[in-house]
Amino acid sequence: MEDYSLPKDSLFLGFDSSTQSLKATVLDSTLNIIHSDSINFDSELPHYKTKDGVYRDPSITGRIVSPTLMWVEALELLLQRLSSKLDLGKVTALSGSGQQHGSVYWRRGSYKTLSSLEPNKTLVSQLSDAFSVKESPIWMDSSTTEQCKALEKAVGGALELSRITGSRAHERYTGPQIKKIFETQPEVYQNTERISLVSSFMASVLIGAHACIDETDGAGMNLMDIKQRAWSKIALEATAPSLEGKLGKLAPAHAVAGFIAPYFVERFHFSKNCLIIQWSGDNPNSLAGLTLNTPGDLAISLGTSDTVFGITSDPQPSLEGHVFPNPVDTKGYMVMLVYKNGSLTREDVRNQYADKSWEVFGKFLQQTPPLNGGKIGFYYKEYEILPPLPVGFHRYVLENFTGDTLDGINEREVEEFDPPSEVRALIEGQFLSMRGHAERFGMPSPPKRIIATGGASANQSILNTLAAIFGCDIYTVQRPDSASLGAALRAAHGWLCNEKGRFIPISSMYMDKLEETSLRCKLSAAAGEEELVGKYSLFMRKRLEIEKRLVQKLGRL
């Protein structure tokens, strides 16, 4: 039997460049975590004056960006910390995860700077003039509605764009963002030599050259043909002129982006043979970190955004949800739903109604009954993606609702609930929406199991509610930051594929020994009772009815 073991004493480093922080996870050759660290942008890089890692532009509705240089400075700061605690010379390969859809615009002539970084100077001082756009549009942005409509029209409609690229046009997607820059700042577009995603941007800094966009993260742009895994000519032409040259080539997620640049060898003592494996998006990396490889399983990530994802070999793109090539399976796909109102909205409700305490939040969730006495809430602190609704809060009471029938139910809109009911209405509402849209998108119902990750997956009351609504067992992983763990695992996988000269199934690395690694899952909440799951089905139907009316009245797309 072929040997798929990793070199003894080698380390594999994974980063996650997310909305609010940069995280790192280090695996040893037995795939166990030996170290992790993170930089919080707001608290540790306060001179950028971000809130939640972003700038919300008060002058342009929906414009949300992050300072590109902040990500550069965070990388240098985190590497300084890691090098004081670990021998980075043992890092055999490194990969990473980037918040999806965010884009970076390299100024003409910046390649020369990037390829000749001087180790006696900081990255920030050398790259401060490297960008034609100083503030990167990110996934929270919703200022490109008109560009989305134009892009869909140009390719033959929303469904046709979804069939080609895996998604209808979405405001946060990179294609509409590029189109907006070309239309509103043509001189900036002309002065741009390369456009990177957050993932390929970070890889570019590490190899000292423009790294390829990988085929998985590339599917989050409305520009790539997901079946061909190549740029779509019709989508490129509908977006901006000469775009293919600015995007560069695509590469498989397991491919080598390059060797680490001499700058990092001299400054942080990496080995000159350290491989940089293609970076990818945060959700694809989470899929790898959760070892999600069984159709019928779902993963739910409860982070700044909430996502529901699974795998399939036969994707059916539609007007809802997203299809991406699977980052660790060259023939498969991942399917995904995304919600913008995740942890920041939960924190907002906690601060307003639960004394700013997660403990009180959890108690309120425990002391309120399932179905919340018929109280349904919609909480949108930010413009929502699914459904496409603006900022706003909508609360309803279903009078006489017992969970047995929707007949004879009176629905009444109210201004506010009591604090414990607000907490339950938020959590039930988020999970009912996930279940309803997942079923509509063709995801398994009920799933065989759900693997939960992200910050809120550490809250037992939240997991119990998830189990009750979906009617299946909920598992959690050793660490809630599965994206950086997935990136470290993908670093090892990319190294192995390169060593063998061909693609190797990622499961070969942990087959028969999963329980001995940091990738193992544990049962955290047992499936809800069948009778209650049935009552939640009715509650979900009513919620989707109200949601449909809200979209007809207020929806953006």
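Residues numbered from 1 in each chain as written. Predicted model: local features only at pLDDT ≥ 70, side-chain atom pairs only at ≥ 80, totals over all residues. Heavy atoms only, no water.

**Student:** Hey, could you go over the pairing of strand β1 (residues 11-17) for me, with residue numbers and the actual values?
**Tutor:** With respect to burial, β1 is a largely interior element, seven of its seven residues being buried. Because side chains alternate across β1, one face comprises the buried residues Leu11, Leu13, Phe15 and Ser17, and the other comprises Phe12, Gly14 and Asp16, equally buried. As defined by bridge partners, β1 adjoins strand β6 (residues 91-98) across seven bridges and the pair is classed as parallel. In the strand pairing of β6, leucine 11 is matched with valine 91. Between the antiparallel neighbours β1 and strand β2 (residues 21-27) lie three residues. (Buried < 20%, exposed > 50% of the residue type's maximum accessible area, 1.4 Å probe, protein only. Helix = DSSP H or I, 4+ residues; strand = E, 2+ residues; numbered from the N terminus. Pairing = 2+ DSSP bridges.)

**Student:** Please give an account of the nonpolar core that cites residues and values.
**Tutor:** One finds Leu31, Ile178, Leu223, Trp231, Leu247 and Ile474 to be the most contacted residues of the largest nonpolar core, which totals 121 residues. In this view, tryptophan 231 contacts Ile213, Met221, Leu223, Met224, Asp225, Leu236, Glu244, Leu247, Gly248 and Leu250; residues no more than four positions away in its chain are not counted. Counting residues in each nonpolar core, the second largest holds 56 residues, with Ala24, Leu79, Ala261 and Ile276 among its members. (Core = buried A, V, L, I, M, F, W, Y, C linked by side-chain atoms within 4.5 Å. Contact = heavy atoms within 4.5 Å.)

**Student:** Would you mind going over the pattern of salt bridges in detail, with residue names and values included?
**Tutor:** A complete count under the given rule lists 32 salt bridges for this structure. Between lysine 23 and aspartate 16 there is a salt bridge, and its shortest N-O distance comes to 3.8 Å. By relative accessible area, which is 22% here, lysine 23 ends up partly exposed. Judged by its relative accessible area of 5%, aspartate 16 is buried. (Salt bridge = Lys/Arg side-chain N within 4 Å of Asp/Glu carboxyl O.)

**Student:** Help me get a handle on the pairing of strand β24 (residues 449-453), residues and values and all.
**Tutor:** Walk down a regular strand and you will see the side chains alternate between the two sheet faces. Extensive coverage of β24 is indicated by the burial of four of its five residues. Of the strand pairs in this sheet, strand β17 (residues 297-302) and β24 are connected by five bridges, and their pairing is parallel. Within β24, the residue paired with alanine 299 across the bridge is isoleucine 451. Sheet topology places β24 next to strand β25 (residues 473-477); four bridges connect them, and they run parallel. Residue pairing across strands places arginine 449 opposite aspartate 473, the latter belonging to β25.

**Student:** I'd love a proper account of helix α17 (residues 460-470), names of residues and values included.
**Tutor:** A large share of α17 lies buried, amounting to nine of its 11 residues. All of the buried residues along α17 are Ser461, Ile462, Leu463, Thr465, Leu466, Ala467, Ala468, Ile469 and Phe470. By the N-cap criterion, in which a side-chain oxygen at the helix start approaches the backbone nitrogen of a residue two or three places on, α17 is capped by asparagine 459, the distance to serine 461 being 3.0 Å. Glycine 471 sits one or two positions beyond α17 and adopts a positive phi of about 70°. (Polar contact = N/O pair within 3.5 Å; in protein donor to acceptor, adjacent residues only side chain to side chain.)

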